[in-house]
Amino acid sequence: MEAKLDTKKLTCICCPLGCSIEADMQGGSVVAVRGNGCPNGEKYAHTELTAPVRTLTSTVALVNSKSGMRLAPVRSSEPIPKDKLFDCMKEIANISVSAPVRIGDTVLQNAAGTGISIIITRDIN
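Let us look at the structure shown here. Given the structure is predicted, the values throughout are model-derived calculations rather than measurements.

## A few points about the overall build of the chain
Then, number 1: From N to C terminus, the chain includes two helices and ten strands.
Then, number 2: Starting at the N terminus and walking to the C terminus, you meet the elements of the chain as β-β-β-α-β-β-β-β-α-β-β-β.
Then, number 3: Computed over C-alpha atoms, the radius of gyration of the chain comes to 19 Å, more than 25% over the 14 Å expected from 2.2 N^0.38 for 125 residues, which places it beyond the range of a compact globule.
Then, number 4: Pairs at least 24 residues apart make up 46% of the contacts formed inside the chain by residues separated by at least 6 positions.
Then, number 5: The positive charge centre, built from 14 side chains, and the negative charge centre, built from 12, are 8 Å apart in the chain.

Here you go:
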């Protein structure tokens, strides 16, 4: 027996157009995508429906800062699987760094076993 065809509706976030996309799913796979204004929309639909990812942004505690800042902004070096975001945030909550820090400095390697690093996004003296 063939798996039922299920249509999912998405709004693409790849560019400012925000295309309304419809994607047909069958047996856990995307079999057709409609409504995307560019190839990025089709790729987005496939990823979002089969293995969603997000860029994680947060802050870590900052010590010894001459600027008076108490937090340093960080982000994931690449998108993280959506189901690992909370695990990554738990690890980030336990991190503190000493000033000075530079853009691109790694504060956590292999966040939640993803193989992805958490990096500083601002120079702070």
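## Concerning the layout of surface pockets
Over the atoms, a rolled probe matching the size of one water molecule traces out where space is still vacant.
Then, number 1: Looking at the largest pocket, its volume works out to about 170 Å³.
Then, number 2: Lining the largest pocket we find I13, C14, K43, Y44, T47, E48, V53, R54, T55 and P79.
Then, number 3: Residue assignment for the lining of the largest pocket shows that the elements contributing at least two residues are α1 (39-50) and β4 (53-54).
Then, number 4: Considering every element that reaches the lining of the largest pocket, the biggest residue donor is α1, with four residues.
Then, number 5: Broken down by class, the residue content of the lining of the largest pocket amounts to five nonpolar, two polar and three charged.

## A look at unusual backbone geometry
Then, number 1: Here A99 and P100 are connected by a cis peptide whose omega angle stands at 5°.
Then, number 2: Along the chain, the position of P100 falls in the loop between β8 (96-98) and β9 (106-108).
Then, number 3: Phi is positive for N110, which is not a glycine, with a value near 55°.
Then, number 4: Note on placement: N110 falls in the loop between β9 and β10 (118-120).
Then, number 5: Classification of N110 by relative accessible area gives partly exposed; the value is 42%.

## A short note on the side chain of E48
Then, number 1: Here E48 lies in helix α1.
Then, number 2: For E48, the side chain forms a polar contact with the side chain of R54, separated by 2.9 Å.

## So, the pattern of salt bridges
Then, number 1: Applying the stated criterion across every chain yields a total of five salt bridges.
Then, number 2: Measuring nitrogen to oxygen at the nearest pair gives 3.2 Å for the salt bridge that ties K8 to D6.
Then, number 3: Look at K8 and you get partly exposed, because its relative accessible area is 34%.
Then, number 4: By relative accessible area, which is 32% here, D6 ends up partly exposed.
Then, number 5: Taking the shortest distance from any N to any O, the salt bridge between R34 and E22 comes out at 3.1 Å.

## Overview of the pairing of strand β3 (residues 29-34)
The side chains of a regular strand alternate between the sheet's two faces.
Then, number 1: By the bridge criterion, five bridges tie strand β2 (residues 20-26) to β3 in an arrangement that is antiparallel. Directly across from A23, in β3, lies its bridge partner V33.
Then, number 2: The hairpin formed by β2 and β3 contains two residues between the paired strands, and G27 there has a positive phi angle of roughly 60°.

Definitions and limits used
Residues numbered from 1 in each chain as written. Predicted model: local features only at pLDDT ≥ 70, side-chain atom pairs only at ≥ 80, totals over all residues. Heavy atoms only, no water. Helix = DSSP H or I, 4+ residues; strand = E, 2+ residues; numbered from the N terminus. Rg over C-alpha atoms; globule rule 2.2 N^0.38 Å. Contact = heavy atoms within 4.5 Å. Lys, Arg positive; Asp, Glu negative; His and termini not counted. Charge placed at Lys NZ, Arg CZ, Asp CG, Glu CD. 1 Å grid on protein atoms, 1.4 Å probe; cavity = no way out; pocket = protein on both sides within 12 Å on 5 of 7 lines; lining within 4 Å. Points joined across faces, edges and corners; volume = space filled by probe spheres on them. Nonpolar A, V, L, I, M, F, W, Y, C, P; charged D, E, K, R; others polar. Buried < 20%, exposed > 50% of the residue type's maximum accessible area, 1.4 Å probe, protein only. Polar contact = N/O pair within 3.5 Å; in protein donor to acceptor, adjacent residues only side chain to side chain. Salt bridge = Lys/Arg side-chain N within 4 Å of Asp/Glu carboxyl O. Pairing = 2+ DSSP bridges.

Any functional reading would require information beyond the geometric quantities listed.
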